[in-house]
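Inside the fold
Okay, here's what each chain looks like letter by letter:
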Amino acid sequence: MSEKEIVAFRHSLAHILAASIQKLWPRAQFGVGPTTEEGFYYDVKIPDYALSEDDLTRIETEMRGIIREDVAFEQYDLPIKEAIKWAEDNAQPYKAELLNDLKRSGTTNAKDLKVEEMGRIASGDSKVSSVSFYKSGDFVDLCKGPHVESTGKVGAFKLLRVSGAYWRADIHKDQLQRVYGVAFATDKELEAYLEGLEKAQENDHRKLGQELDLFVLSDLVGPGLPLFTPRGTVIRNQLLAFSEELQAAGGYEAVWAPHITKVELYKKSGHYEKYPERFEVKSIESDDEFMLKPMNCPHVTQIFASRPRSYRDMPQRYMETTTMYRDEKSGELHGLSRVRSLTQDDSHAFVRPDQVEDEFRSIIGMVKQMYLVLDMPLLVDLSFRDDSDQYFGDRALWDDAEKTIERIAKEEDLSYQVVRGEAAFYGPKIDIHVKDGLGRKWQCATIQLDYVQPERFDLAYIDKDGSQKRPVMIHKAILGSIERFLSVYIEHTGGRFPIWLAPEQIRIITLNQDKAIEDFSNKLIEDARSLSLRVRLDDDNESVGKRIRSAEIMKVPYVLVIGPKEVNSGDVLPRIRSDMVIQERKDPLSVSEFLKTVANEAKSRTTHSSL
């Protein structure tokens, strides 16, 4: 089945969903009902009634009844004035709002809703003359489509959940309820998706974060402000150290910038109006306005600008692992994946125009190396501008930059697609997505080209001929937000971290409180820590079986049980976590050989055990 056909039946299911809700709750008021990557949803408000998960079965039953009736989808147009009257007569205030916006300006100015596509443009005039409707049985909806021929031709589906959603994603507007569904061409595809969803729920990073003691969310600290435990901090630090290692090899030098700045910095950069999710603070002693930094790039422009630069000094490469702050809507906060305090491996290079290509290739090499080690395939979006007026800078520079980026993507053999309208306001970018163990796609790394900020901050270097030239600014993050990346990676691994990332690499379990066993274990721990290995002693007063099970639950890569046999022989037989084993070990080995092997595995960032 083609992508176009899949979109058509998913959109048709959104229409059927709305029709079913209206049958069950005739006073329902509808927002929008688009398709998603796996299905569809519809935003709805039912006066004096709140939908719950328990209502999904009733709605699904009604939907299946409409599907069995196999009613035709009929498309027709209405003049814009008549369409508005239809919305008002049928008590559909949200449809009326969209239509009035469409009538007034020819667009809703809300690109996520895509309602402007419903308009029919009058010949020789930019004004909308009519809009598209679809009818199926007694139900009528403002909609451009596409739809299938009739309700019986929609594939396999299931409703999943109900959540809150602000109308037009605006916190100041009504809160509606969003009913989500998934849909696939066949029952087999739907069943496979639902099985994957069940596994994803088992691997939910919030659940595993608590079970594995990785991070904490505290109401007293505040929503969207995670706290990392010692175990979680190990993983953060190891990942960020790898990122910094890759960057240092590419010529990047560490810098540091404060977490607060005068508002004027972001007004000059252009970010102030583009990021309304800002935290602003007042100075006690002056009238200066400050804000917590939502991004770091304006700060580093001032490091570049702090002294004269020659063409020989280029590139100037700065890296900083830094925390930034954004006042995200509370309803959109989600574990580590959407937070108000985010830490990025944030880096910037100031290059001559003739150095752009080499720098991009160097960064792409870093990204490839990172995700090869992490065993996560890459997919790439080339995020380019559209024809709107939301971008800064000269269009000719944009066109040239986009051509350069696409050529590099081809030559670097990246699996990419061009996405219009997703560029940063200051330049085009490469958004790098990773695919996790459940086949889901997540955006993490990014490489961005910026001609605008060097212009706005009047940055310059002295060229060979003595003239002043404008540098090009390249923004990059290999992991992106470490919090967001960890939400992905915890679920990708199910908490079974490779040896180099495991918060606890070795657990030692003693058979009893014998002094010889205690001394042997302490010496083992001392030797392990001298090799920078992370080891823990479990000498609790529990059965050995229970303590082994505890280590399994915490997904420790290696477990050593120490008793008289090990003390007398000086050899150990490690229990190896099942996902790491190539061949189960049956023979013991010396403590020194075991520790050396594990230390080499950690240093080489391997995934499997070599024992």
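The model shown is predicted, which means the values in this text are computed figures rather than measured ones.

Scoring rules and cut-offs
Residues numbered from 1 in each chain as written. Predicted model: local features only at pLDDT ≥ 70, side-chain atom pairs only at ≥ 80, totals over all residues. Heavy atoms only, no water. pLDDT = per-residue confidence, 0-100. Contact = heavy atoms within 4.5 Å. Helix = DSSP H or I, 4+ residues; strand = E, 2+ residues; numbered from the N terminus. Core = buried A, V, L, I, M, F, W, Y, C linked by side-chain atoms within 4.5 Å. Buried < 20%, exposed > 50% of the residue type's maximum accessible area, 1.4 Å probe, protein only. 1 Å grid on protein atoms, 1.4 Å probe; cavity = no way out; pocket = protein on both sides within 12 Å on 5 of 7 lines; lining within 4 Å. Points joined across faces, edges and corners; volume = space filled by probe spheres on them. Nonpolar A, V, L, I, M, F, W, Y, C, P; charged D, E, K, R; others polar. Polar contact = N/O pair within 3.5 Å; in protein donor to acceptor, adjacent residues only side chain to side chain. Salt bridge = Lys/Arg side-chain N within 4 Å of Asp/Glu carboxyl O. Phe/Tyr/Trp six-rings, centres within 6.5 Å; stacked < 30°, edge-to-face > 60°. Lys NZ or Arg CZ within 6 Å of the ring centre and 35° of its normal. Patch = residues over 30% accessible without salt bridge, like charges linked within 9 Å, V, L, I, M, F, W, Y side chains within 5 Å. Areas by Shrake-Rupley, 256 points an atom, 1.4 Å probe, with all protein chains shown as cover. Lys, Arg positive; Asp, Glu negative; His and termini not counted. Charge placed at Lys NZ, Arg CZ, Asp CG, Glu CD. Pairing = 2+ DSSP bridges. Right-handed = clockwise from strand over helix to strand, strands pointing away.

Looking now at the confidence of the model for the chain. Scored by pLDDT, the chain has a mean of 90; 95% of the residues are at 70 or more. Low pLDDT (under 50) marks residues 121–125, which in the prediction has six contacts with non-local residues, meaning those over four places away or in another chain.

This part is about the environment of Pro-34. If you trace the backbone, Pro-34 turns up in the loop between strand E1 (29–30) and strand E2 (39–45). For Pro-34 and Arg-10, which are 24 residues apart along the polypeptide, the C-alpha to C-alpha distance reads 8.5 Å. Residues contacting Pro-34, with those up to four places away along its chain left out, are His-11, Phe-40 and Tyr-41.

Here we take up the nonpolar core. Leu-239, Phe-360, Tyr-371, Leu-374, Ile-430, Leu-479 and Phe-485 are the most contacted members of the largest nonpolar core, which totals 58 residues. Looking at which element gives the most residues to this core, the answer is helix H11 (residues 356–373), with eight residues. Not counting residues up to four positions away in its chain, the partners in contact with Tyr-371 are Met-376, Leu-378, Val-434, Cys-444, Ala-445, Ile-478, Leu-479 and Phe-485. Phe-9, Phe-40, Val-44 and Ile-67 belong to the second largest nonpolar core, which has 34 residues in total.

The probe, sized like a water molecule, is rolled over the atoms to show the empty space still left. A full pass over the atoms with the stated rule returns one cavity of 30 Å³ or more. If you go around the largest cavity, the residues you meet are Leu-212, Leu-214, Arg-231, Gly-495, Phe-497, Pro-503, Glu-504, Met-554, Lys-555 and Val-556. A breakdown of the residues in the lining of the largest cavity according to their chemical character gives six nonpolar, one polar and three charged.

Structurally, His-271 is set in helix H9 (residues 271–274). Residue classification places His-271 among the buried positions, given a relative accessible area of 2%. Reaching out from His-271, the side chain makes a polar contact with the side chain of Ser-269 at a distance of 2.7 Å. Among all residues touching His-271, those that are not within four sequence positions of it are Tyr-266, Met-295, Cys-297, Pro-298, Phe-425, Tyr-426 and Gln-453.

This next bit is on the pattern of salt bridges. If the charged atoms of two oppositely charged side chains come close together, the side chains can form a pair. Throughout the structure, instances matching the rule amount to 44 salt bridges. Salt-bridge contacts for Glu-62 lead to Lys-23; the nearest nitrogen and oxygen are separated by 3.8 Å. Placement of Glu-62 in helix H2 (residues 55–69) and of Lys-23 in helix H1 (residues 3–24) is noted, with a sequence separation of 39 residues between them. By relative accessible area, which is 47% here, Lys-23 ends up partly exposed. In this structure, Arg-407 engages Glu-357 in a salt bridge whose closest nitrogen and oxygen atoms are separated by 2.7 Å. One end of the pair, Arg-407, is in helix H12 (residues 395–411); the other, Glu-357, is in helix H11, and 50 residues separate them in sequence. Counted as one network, the salt bridges with shared partners bring together Glu-357, Arg-361, Lys-368, Arg-407, Glu-411 and Glu-412.

As a further point, take the layout of surface pockets. Volume-wise, the second largest pocket comes out at about 270 Å³. Around the second largest pocket, the lining is made up of 14 residues, and of these Asp-375, Thr-493, Arg-496, Asp-579 and Thr-607 lie nearest the centre. Tallying contributions element by element places helix H14 (residues 482–493) first for the lining of the second largest pocket, with three residues. Here the lining of the second largest pocket is built from residues that sort into six nonpolar, four polar and four charged.

The next subject is the packing of aromatic side chains. Enumeration according to the criterion identifies 19 aromatic pairs in this entry. Among the aromatic side chains, those forming a connected cluster through ring pairs are Tyr-371, Phe-485, Tyr-489 and Phe-497. The side chain of Arg-605 reaches across the aromatic face of Phe-242, ending 3.9 Å from its centre.

Taken together, the side chains of Asp-187, Glu-191, Glu-195, Glu-198 and Glu-202 make up a negatively charged region of the molecular surface. On the secondary structure map, Glu-195 appears in helix H5 (residues 187–202).

Strand direction decides the pairing type here: strand E24 (residues 506–510) and strand E25 (residues 535–538), joined by four bridges, are parallel. In the sheet register, Ile-508 faces E25, and the bridge partner there is Leu-537. Read as a crossover between parallel neighbours, the route from E24 over helix H15 (residues 515–530) to E25 is right-handed.

For the bond from Gly-145 to Pro-146, the omega torsion is 5°, close enough to zero to count as cis. Considering the arrangement of structural elements, one finds Pro-146 in the loop between strand E6 (139–142) and strand E7 (156–166). With an omega dihedral of 0°, the bond running from Met-314 to Pro-315 counts as a cis peptide bond. Of note, Pro-315 is situated in the loop between helix H10 (297–304) and strand E15 (316–325). The phi torsion at Asp-458 lies on the positive side, around 55°, for a residue other than glycine. In this structure, Asp-458 sits in the loop between helix H13 (452–456) and strand E21 (461–462).

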